[in-house]
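What the coordinates show
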Amino acid sequence: MARSRIIVALDFPDGGAALRFVERLEPNACRLKVGFELFVAAGPDLVRALVQRGFPVFLDLKFHDIPNTVAGAVRAAARLGVWMINVHASGGRRMLEAARRALPDGTARPHLVAVTVLTSLEAAELREVGIVHAPQDQVLRLARLAQDCGLDGVVCSAREALLLRRALGTDFLLVTPGIRPAGESAQDQRRVVTPAAAVNAGADYLVVGRPVTRAPDPMEALQAIEAEIGPA
Ligand code: C5P
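One structure accompanies this document, and this report is about it. (Residues numbered from 1 in each chain as written. Predicted model: local features only at pLDDT ≥ 70, side-chain atom pairs only at ≥ 80, totals over all residues. Heavy atoms only, no water.)

**Observations regarding helix α4 (residues 93-101)**
In an α-helix, one turn spans 3.6 residues; hence positions three or four apart end up facing the same way. Those residues of α4 lying buried are M95, L96, A98, A99 and R100. Those residues of α4 that are buried are in contact with β3 (57-63), α3 (67-79), β4 (84-88), β5 (111-115) and α6 (135-148). (Buried < 20%, exposed > 50% of the residue type's maximum accessible area, 1.4 Å probe, protein only. Helix = DSSP H or I, 4+ residues; strand = E, 2+ residues; numbered from the N terminus. Contact = heavy atoms within 4.5 Å.)

**Points about the environment of A124**
By the element assignment, A124 lies in helix α5 (residues 123-128). Given the relative accessible area of 49%, A124 is considered partly exposed. On a C-alpha basis, the gap between A124 and A134 in space is 9.9 Å, while along the polypeptide they are 10 residues apart.

**Looking at unusual backbone geometry**
One non-glycine residue, K62, lies in positive phi territory at about 45°. Note that K62 resides in strand β3. In the Ramachandran plot, Q187 falls in the positive-phi region, its phi being about 50° despite a non-glycine side chain. With respect to the helices and strands, Q187 occurs in the loop between β7 (173-176) and α8 (195-200). Under the relative-accessibility criterion, Q187 is labelled partly exposed at 35%.

**Here we look at the packing of helix α1 (residues 15-22) against helix α2 (residues 36-52)**
Working note: a packed helix pair is described by the angle between its axes plus the distance between those axes. Following both chains from N to C, one finds α1 and α2 inclined at 40°, their axes separated by 9 Å at the closest point. Relative to α2, α1 is oriented oblique. Across from G15, A18, L19 and V22 in α1, the residues of α2 making contact are L38, A42, L46 and L50. The class makeup of the residues in the contact of α1 with α2 is seven nonpolar, one polar and no charged. (Axes fitted to C-alpha atoms, helices over the stretch in contact; angles between N-to-C directions. Parallel < 35°, antiparallel > 145°, perpendicular 65-115°, else oblique. Nonpolar A, V, L, I, M, F, W, Y, C, P; charged D, E, K, R; others polar.)

**Regarding α1**
Here α1 has its buried residues at G15, A17, A18, F21 and V22. For α1, the angular spread of buried residues about the axis comes to 165°, placing them on one side. Residues of α1 that are buried sit in contact with β1 (6-9), β2 (31-34), α2, α9 (210-213) and α10 (218-229). For α1, the N-terminal capping position is held by D14, with its side-chain oxygen 3.1 Å away from the main-chain nitrogen of G16. (Arc of directions from axis to C-beta. Polar contact = N/O pair within 3.5 Å; in protein donor to acceptor, adjacent residues only side chain to side chain.)

**A look at the packing of aromatic side chains**
Throughout the structure, instances matching the rule amount to two aromatic pairs. For the ring pair F12 and F21, a centre distance of 5.3 Å and an interplane angle of 35° mean the geometry is tilted. By the burial criterion, F12 is buried, and F21 matches it. Their ring planes at 80° and their centres at 4.9 Å tell us that W83 and Y205 sit as a pair that is edge-to-face. One end of the pair, W83, is in the loop between α3 and β4; the other, Y205, is in strand β8 (residues 205-208), with 122 residues separating them in the sequence. Sitting over the ring of W83, R31 keeps its end group 4.4 Å from the ring centre. (Phe/Tyr/Trp six-rings, centres within 6.5 Å; stacked < 30°, edge-to-face > 60°. Lys NZ or Arg CZ within 6 Å of the ring centre and 35° of its normal.)

**A closer look at the pairing of β5**
In terms of residue burial, β5 counts as a mostly covered element, since four of its five residues are buried. As defined by bridge partners, β4 adjoins β5 across five bridges and the pair is classed as parallel. Looking at the pairing, M84 lines up with H111 of β5. Taken together, β4, α4 and β5 constitute a β-α-β crossover, and its handedness is right-handed. For β5 and strand β6 (residues 153-155), the ladder comprises three bridges, and the chain directions are parallel. (Pairing = 2+ DSSP bridges. Right-handed = clockwise from strand over helix to strand, strands pointing away.)

**What to know about the side chain of S157**
The residue S157 is located in the loop between β6 and α7 (158-168) in this model. With relative accessibility at 8%, the residue S157 sits in the buried group. Looking at S157, its side chain comes within polar contact range of the main-chain nitrogen of R159, at 2.9 Å. Look past the residues within four positions of S157 in its chain and what remains in contact with it is T119 and T176.

The analysis is restricted to geometry; functional conclusions fall outside its scope.
Shown next as structure tokens:
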């Protein structure tokens, strides 16, 4: 069976809670994302445990530092056996190239994707940090830079996916959070998109957190999203 395009965000406060939740999932049914909160609490052992259980793991630590430090972090992440790693595109060309070079060539290596502009930032906040372009222009600029530096894709809002897909071609991964099945609460997300709309806009992978982690039956919630987006 083709692997799922759904990446479940494991936003849990500790490793025990994350593993208890993961026990309820089948490794073929989804991928898992480990972000700052869980990684700071539970560390690389938890990541290894998830990989060991057969889940493809996206280590969402958004590295952003000098090239040498980021290259070292990417190398260490790859050694954990994860499927996907990310860095901030705003770290610049030399940092992005160093991150890419830190991974071996070939298909067994993790995907390396970039964060462009955090979707939590609005135009006024961007201006305050010196970015005067429209947010969408900045997203496209950084996505092009990431592609030029040999990265495999970007994390982006599903609302930007169509623009990026057209500008960057089909061979560039688009990973989109902010997904809510029709009729579900947006919670603290602001501009949510349904799974089907995200896929139609060109998303390759959908990051879904609470609609699955807080569902009474997480496998049922996953299957409902799969049914909505259809086969890969
Ligand atoms: O629970 P929910 O589906 O909102 O979780 C979305 C996940 O995607 C969270 O882990 C959040 O940190 C992450 N994310 C996001 N928006 C971004 C980047 C990451 O919601 N722009």
